[in-house]
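In case you want the letters, here they are:
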Amino acid sequence: MKLIAGVDIGNSTTEVCIGEERRDGTIGFLAGASRMTTGTKGTLANVMGVKAALAEAMDSIGRPVSDLSLIRLNEAAPVIGDTAMETITETIITESSMIGHNPSTPAGAGQAVGTLLFLENISTGKPGVPYIVAVSSKFSYEEAAAWLNRYIPELMIVGVILQADEAVLVENRLQVDIPIVDEVRRIAQIPEGKLAAIEVALPGTSVRMLSNPYGIATLLGLNADETRAVTPIAKSLIGKRSAVVIRTPHGNIRENVLPAGELYFHGDTEEAIDIDAGADKIMSALEAAGEIRNIDGQQNTNVGNMLQNIRSQMRRVASDESGDIRITDLLAVDTLAPVEISGSLAGETCMEKAVGIAAMVRTQALPMRQIAGALTAELGVRAHVAGVEAVMASLGALTTPGTQLPLAILDMGGGSTDAALLDEDGRVTTTHQAGAGELVSMLIQTELGLGSRVTAEQIKKYPLGKVESLFHMRLENGAMQFFAESIDPRYYGHVVLLAPGELLKIEEDIPMEKIMDVRREAKRKVFVRNALRALRKVAPDHDLRRIPNVVLVGGSAEDFEIPEMLMEALAEYRIVCGRGNIRGSEGPRNAVATGLLLSYLGSREQEGGGDGWS
Amino acid sequence: MVISRPSILIYADNADEDYLRELCAGIEEEGVLYQVIPAQGELDTLAHRAAEESMLGSGIGISGCRIAMQMRPLPEGRNVFELNQPRFWQCRALGANSARAIKKMPFKAVTGGDEQL
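By convention here, each chain's residues receive numbers from 1 onward along its written sequence. Labels follow written order: the first chain is A, the first ligand is 1, and so on. A pLDDT threshold of at least 70 governs which residues receive local features in this predicted model, and a stricter bar of 80 or more applies before side-chain atom pairs are shown or counted, although totals over entire chains, interfaces and linings include all residues. Based on all heavy atoms of the structure, the side-chain values leave hydrogens and waters out of the count.

Q: Explain the sheet that holds strand S8 (residues 110-118) of chain A to me, please; I cannot follow it from the model alone.
A: Pairing between the strands of a sheet comes from backbone hydrogen bonds, and it takes one of two forms, parallel or antiparallel. All names here are of chain A. Reading across the sheet, the seven strands line up as S7-S13-S12-S8-S9-S10-S11 and stay open at both edges, with mixed pairing between neighbours. Single-partner strands in this sheet number two, and they are strand S7 (98-101) and strand S11 (180-181). Where strand S9 (residues 130-135) meets strand S10 (residues 156-162), six bridges bridge the pair, whose relative direction is parallel. Bridged to Ile132 within S10 is Gly159. In what follows, residue pairs with any heavy atoms lying within 4.5 Å of each other are defined as contacts. Axis definition: a line fitted to C-alpha atoms, limited for helices to the stretch in contact. Angles are taken between N-to-C directions and run from 0 to 180 degrees. The way it works is that DSSP assigns letters per residue, a run of H or I at least four long becomes a helix, a run of E at least two long becomes a strand, and they are numbered from the N terminus. Each of S8, strand S12 (195-200) and strand S13 (242-247) touches helix H4 (residues 213-220); the most contacted strand, S12, lies at about 125 degrees to it. Should DSSP find at least two bridges between two strands, the strands are taken to pair.

What follows is the structure, encoded as structure tokens:
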């Protein structure tokens, strides 16, 4: 009885599967193992991971690795993916004309209009003129309140702007009830002597007057032209708890559309599209161009530089000396990124329009044969490259109970979404599409304004909960979970991720519902769109209805919500779609390694299909 | 009938006055009521008793220059935060946190780098 190993080297994991050839000519599966891929996929560094995985699998059946008579490696798809993000609008404040943020505790409520005056200059105030007083943090709340109280009988003080987080403290000590905005970091930049309008929203609501252009016009007495000019201010104040708008003659806030540039698709036809047009238009231009040979961007524009960066990065990964790196597919996604407004006084942010792009390049065939050679030399077992990854994955996927031919697989990894269709005659059609897990992480990171990509990766992977007391938390589906031991107070009130065996705290103060929405939307934008795109490419006559079965394999198939999303999206086309269960036991993993074993029979008998499986 | 206001209790044993003032300011800024009660005892006991007896389940013990924050029903000695000769901003943050414990809001950092302002 010959022992045979199938080895699948993937971008992140290396999987092996051990089987024996029985006398009746079928294959019996004995063991499997999975290890981290060592080094970049397709390089000699992979050998170490392969050896470790083989040793683990052989160990579990109590045999040495040298008992193997054959190792079959996959021919990895020669594609590499990368992602980039570019904002296409920016908001600039000139001459500091507004403050609009969400201090946790502003005080008072209502709106007022007055001339700006610093507390240190309060003695220069004139009776009868309404003033809004700005107080730097060098005054304590007691001093500030005392000064204000002393001048309130003679001056008309209608509002206060504080640098420190002391609005409630000052309010409690004032004789009058006026709106107070606090936590304004760059208070020294406030232009003294200018007319300003201040508004603090009632608890649980956001500003109403200053987020309305006519509201600003009413308060500051603007004409029609000036009202048009303040519209971007009103827009950026939507949803804020407190705001100040300052009337400065030349000061303004404006929205710039950056020269984002054009994308050029070189395919069956030549197509050009402006990035501003949005993701939908970009994707239809891509489709119109047919078979893509290359994609590039307008020189010296954002998109041009973005594609240039992707290219040089890929050149390094592919270590392709020829310098001929061609982008053969691209996925564009519209997104919004919270960006700090330049010239802001309190760290205000504005949701800027942005576009996220995943691109994919074809490289020369990866040097899998060298890896096979190294394995033969180091283990003394014959190793050879046995089959194309997508074909092997299809064969492996067919071992999922309840499947039949023709069968399509969707392999959603980190860098690319791959699809293959295996028909009744054993023919396989394959495609590779740009955009997968990494693009989702990038979208989550930008839309939530997260500091680190690692947090975004974790948000993608784990469900959420909010720690509501030291002994319980509310999960994202509304359920409650109780703990016998108190939860570490560091997690108190925070949104956490339920990673296996531990809680991960999200540092940013973002509501759980918002994180959940962004996460789901990012997955939907990337995976659902790409799944439809990829399946349509491999479907007979590009008609999705002619695919009866879709089996999801690969890393993203293990995600806790992506398979359900795809199932919903594909149900429309009467497709049976679900997470693969390779050999009825392995889940969506190990498809390629299993396929490599099954194809051993075919290669020996010169037949297609995997009928020898038992 | 004794009606007690829903407030955070602060049991103070020989409390440093500046620290006490900052603690109270922290609570006040968050908009929660508090009561300072002179007491004697170990820091852990003060904090624990304060939390147990507070209608809101949040209490602070301060003994000289040492401060501890407690929440019901944590056992005595398991202080949520503890400070020894802190800076003023730390007292302010600890006070704010005792209020945030009731409001179910994330705590402010009470240790680490100096405040940015």
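Having put the structure on the table, let's press on.
Q: Even after reading the chapter, I still don't get the domain arrangement of chain A, so can you show me in this structure?
A: All names here are of chain A. Examined at the domain level, chain A breaks down into domain 1 (1-77 + 365-401 + 581-614), domain 2 (91-256), domain 3 (260-307 + 321-352) and domain 4 (404-462 + 514-580). An automatic or database domain assignment supplies the residue ranges for each domain. A C-alpha centroid distance of 22 Å is found between domain 3 and domain 4. Listed by partner, the interface residues are 14 residues for domain 3 and 15 residues for domain 4. Here the buried area means the combined drop in accessible surface, using a 1.4 Å probe, for two parts upon being joined, counting both sides. Both faces considered, domain 3 and domain 4 share a buried interface measuring about 1000 Å² in area, 57% of it formed by carbon and sulfur atoms. When the buried surface of domain 3 facing domain 4 is broken down by residue, Asp329, Leu331 and Val333 rank first, second and third, together holding 50% of it.

Q: Help me understand the packing of aromatic side chains, please; the structure alone is not making it clear to me.
A: Between two aromatic rings, the relevant description is the distance of the centres plus the angle of the planes. Think of it this way: a Phe, Tyr or Trp ring, Trp meaning its six-membered ring, pairs with another when their centres are within 6.5 Å, and the plane angle makes it stacked under 30 degrees, edge-to-face over 60, tilted otherwise. Here the structure, examined in full by the defined rule, presents four aromatic pairs over all chains. Seen in terms of ring centroids, A:Tyr492 and B:Phe107 are 4.8 Å apart; in terms of plane orientation they differ by 10 degrees. Their pairing is stacked. Of this pair, A:Tyr492 sits in the loop between strand S26 (480-482) and strand S27 (495-499) while B:Phe107 sits in the segment after helix H3 (88-103), placing the two residues on different chains. Taking the relative accessible area as the measure of exposure, A:Tyr492 reaches 1% and is therefore buried. When the centroid spacing of 6.2 Å and the interplanar angle of 85 degrees are considered together, the rings of B:Tyr19 and B:Phe88 count as edge-to-face. Taken as a pair, B:Tyr19 in helix H1 (residues 17-29) and B:Phe88 in helix H3 lie far apart in primary sequence, 69 residues in all. Exposed residues in this analysis have more than 50% of their type's maximum accessible area, buried residues have under 20%, and partly exposed residues fall in between, with area computed by a 1.4 Å probe over protein chains only. Classification of B:Tyr19 as buried rests on a relative accessible area of 10%. Members of the aromatic cluster, joined through ring pairs, are A:Tyr492, B:Phe81 and B:Phe107.

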